[in-house]
Amino acid sequence: MTINWSEFTPWASLFGGLLIGLSAALFVLFNGRIAGISGVLGGLLRPLRGDIGWRIAFLAGLIGAPLVYGMFATLPEARIEAGTGTLVVAGLLVGLGTRYGAGCTSGHGVCGLSRRSSRSLVATASFMLAGFVTVYVVRHLMA
């Protein structure tokens, strides 16, 4: 294994992780809510009165932040090596998984683990294991 040193960015990654952790902690501290994307988005599908504004603001921030960043820095090239059908099936499987897992990777992995949730530990371990197995199968067994 070799490291592409031009793509190795430990400080930017550390800073990004710290920002994510701090924002998730502040979100739960000030709003009493978990910053899990599936829960935020899912709450818009069956909105409660007075519960729509912060959800839209949260999602607008997720979409707007890279756009603002792109005004000041070059965004990395997004290269997707899959067809439309594969992406549709993958998206549906992710949606199904977040429904069965009662949350997504951000909710369980960032927020749930920091709260020492045993359910989130099992969910995050399952996400990681599924990812490891998928990469192994696609790169080594199907290649």
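Attention in this report is confined to the structure presented alongside it. Per-chain numbering applies: the sequence of each chain, read as written, is numbered from 1 onward. At least 70 in pLDDT is required for a residue's local features to be given in this predicted model, at least 80 for side-chain atom pairs to be given and counted, and no such filter applies to totals for whole chains, interfaces and linings, which use all residues. Side-chain measures were taken over the full set of non-hydrogen atoms in the model, leaving aside hydrogen atoms and water.

### Describing the overall build of the protein chain
Then, number 1: Secondary structure elements are defined from DSSP: runs of H or I of at least 4 residues count as helices, runs of E of at least 2 residues count as strands, and each element is numbered from the N terminus. Counting its secondary structure elements, the protein chain contains six helices and zero strands.
Then, number 2: Its C-alpha atoms give the protein chain principal-axis dimensions of about 50 × 40 × 35 Å.
Then, number 3: Out of the 143 residues in the protein chain, the part that is buried amounts to 15%.
Then, number 4: Residues count as neighbours in contact if any of their non-hydrogen atoms are within 4.5 Å of one another. For the protein chain, long-range pairs separated by at least 24 residues make up 33% of all intrachain contacts whose partners lie at least 6 apart in sequence.
Then, number 5: In the protein chain, which carries 10 positive and 4 negative side-chain charges, the distance between the mean positions of the two groups comes to 20 Å. Exposure classes here rest on a 1.4 Å probe applied to the protein chains alone. A residue is buried below 20% of its type maximum, exposed above 50%, and partly exposed in between. We count Lys and Arg on the positive side and Asp and Glu on the negative side, and we leave His and both chain ends out. Positions of charges follow a simple convention, taking NZ of Lys, CZ of Arg, CG of Asp or CD of Glu.

### Topic: the packing of aromatic side chains
Then, number 1: What counts as a ring pair is set by centres within 6.5 Å for rings of Phe, Tyr and Trp (its six-membered ring), and what kind of pair is set by the plane angle: stacked under 30 degrees, edge-to-face over 60, tilted for all other angles. Enumeration over the complete set of coordinates arrives at three aromatic pairs.
Then, number 2: Ring centres of Phe-27 and Trp-54 lie 5.5 Å apart, and the angle between their planes is 50 degrees; this geometry places the pair in the tilted category. Of this pair, Phe-27 sits in helix H1 (residues 10-31) while Trp-54 sits in helix H3 (residues 53-72); the two residues are 27 residues apart in sequence, bridging distant segments of the chain.
Then, number 3: A residue is classified by how much of its surface remains accessible, and Phe-27, at 12% relative accessible area, is buried.
Then, number 4: On the accessibility criterion, Trp-54 (23% relative accessible area) is partly exposed.

### A look at the nonpolar core
Then, number 1: Listed in full, the seven residues of the largest apolar core are Ala-24, Phe-27, Ala-35, Val-40, Phe-58, Leu-59 and Cys-111.
Then, number 2: Elements with a contribution of two residues or more to this core: H1 and H3. Residue types Ala, Val, Leu, Ile, Met, Phe, Trp, Tyr and Cys, when buried and joined through side-chain atoms within 4.5 Å, form a set referred to as a nonpolar core.

### Details of the packing of helix H2 (residues 37-45) against H3
Then, number 1: Structural elements are reduced to axes, namely lines fitted to C-alpha atoms, with helices fitted over the stretch in contact, and the angle between N-to-C directions of any two is expressed from 0 to 180 degrees. In the contact formed by H2 and H3, the axes pass within 9 Å of each other and the chain directions differ by 130 degrees. By the angle between their axes, H2 is oblique relative to H3. As for how H2 packs across H3, the hand of that crossing is left-handed. Residues Ile-37, Gly-39, Val-40, Leu-41, Gly-43 and Leu-44 of H2 lie in contact with H3, whose contacting residues are Trp-54, Arg-55, Ile-56, Phe-58, Leu-59 and Leu-62.
Then, number 2: When grouped by side-chain class, the residues that make up the contact of H2 with H3 number nine nonpolar, two polar and one charged. Oblique is the label for every angle not falling under 35 degrees (roughly parallel), over 145 degrees (roughly antiparallel), or within 65 to 115 degrees (roughly perpendicular). Working rule for handedness: look at the near helix, and if it is turned counterclockwise from the far one by less than a right angle, call the crossing left-handed; if clockwise, right-handed. Put simply, Ala, Val, Leu, Ile, Met, Phe, Trp, Tyr, Cys and Pro go in the nonpolar bin, Asp, Glu, Lys and Arg in the charged bin, and everything else, Gly too, in the polar bin.

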